[in-house]
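# Per-entry structural report
Listed here are the chains, written in short residue letters.
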Amino acid sequence: MRPRGSAVVLKPAAHAAGIGVIRVDAPGQIAAAYGFADRATGLGPESVLVEEYL
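This section reports on the structure supplied with the text. Computed from a predicted structure; not experimentally measured.

## As for the pairing of strand β1 (residues 8-12)
Across the 5 residues of β1, 4 count as buried, placing the element largely inside the fold. Across 3 bridges, β1 lies against strand β2 (residues 22-24) in antiparallel orientation. Each residue of the ladder has a partner; that of Val 8, found in β2, is Val 24. Examined bridge by bridge, β1 and strand β3 (residues 48-52) share 5 bridges and lie antiparallel to one another. Its bridge partner lying in β3, Pro 12 is registered against Val 48.

Dropping the structure here:
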């Protein structure tokens, strides 16, 4: 379980590079970040990954 307030990264599953990768630092940023990553992949909502920012 991640500590409250820690950042996550949303990224398109189909891209190996940094295209469409966005860091989210607050819960209020998730919707916009998801839209950004989703548009970058063009494959649908199942193709966006959420990972802990290290």
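## What about helix α1 (residues 30-41)?
With 12 residues, α1 extends 16 Å between its outermost C-alpha atoms, agreeing within 8% with the 16 Å of an ideal straight helix rising 1.5 Å per residue. For α1, every residue scored as buried is listed here: Ala 33, Gly 35, Ala 37 and Thr 41. Looking at the buried residues of α1, the elements they touch are β1, β2 and β3.

## Quick word on the sheet that holds β3
Spatially, 3 strands are ordered β2-β1-β3 in an open sheet, and the strand pairing comes out antiparallel. Where the open sheet ends on each side, the last strands, each with one partner, are β2 and β3. When the angles between neighbouring strand axes are averaged without regard to direction, this sheet yields 30°. Each of β1, β2 and β3 touches α1; the most contacted strand, β1, lies at about 25° to it.

Analysis parameters
- Residues numbered from 1 in each chain as written.
- Predicted model: local features only at pLDDT ≥ 70, side-chain atom pairs only at ≥ 80, totals over all residues.
- Heavy atoms only, no water.
- Buried < 20%, exposed > 50% of the residue type's maximum accessible area, 1.4 Å probe, protein only.
- Helix = DSSP H or I, 4+ residues; strand = E, 2+ residues; numbered from the N terminus.
- Pairing = 2+ DSSP bridges.
- Expected span 1.5 Å × (residues − 1).
- Contact = heavy atoms within 4.5 Å.
- Axes fitted to C-alpha atoms, helices over the stretch in contact; angles between N-to-C directions.

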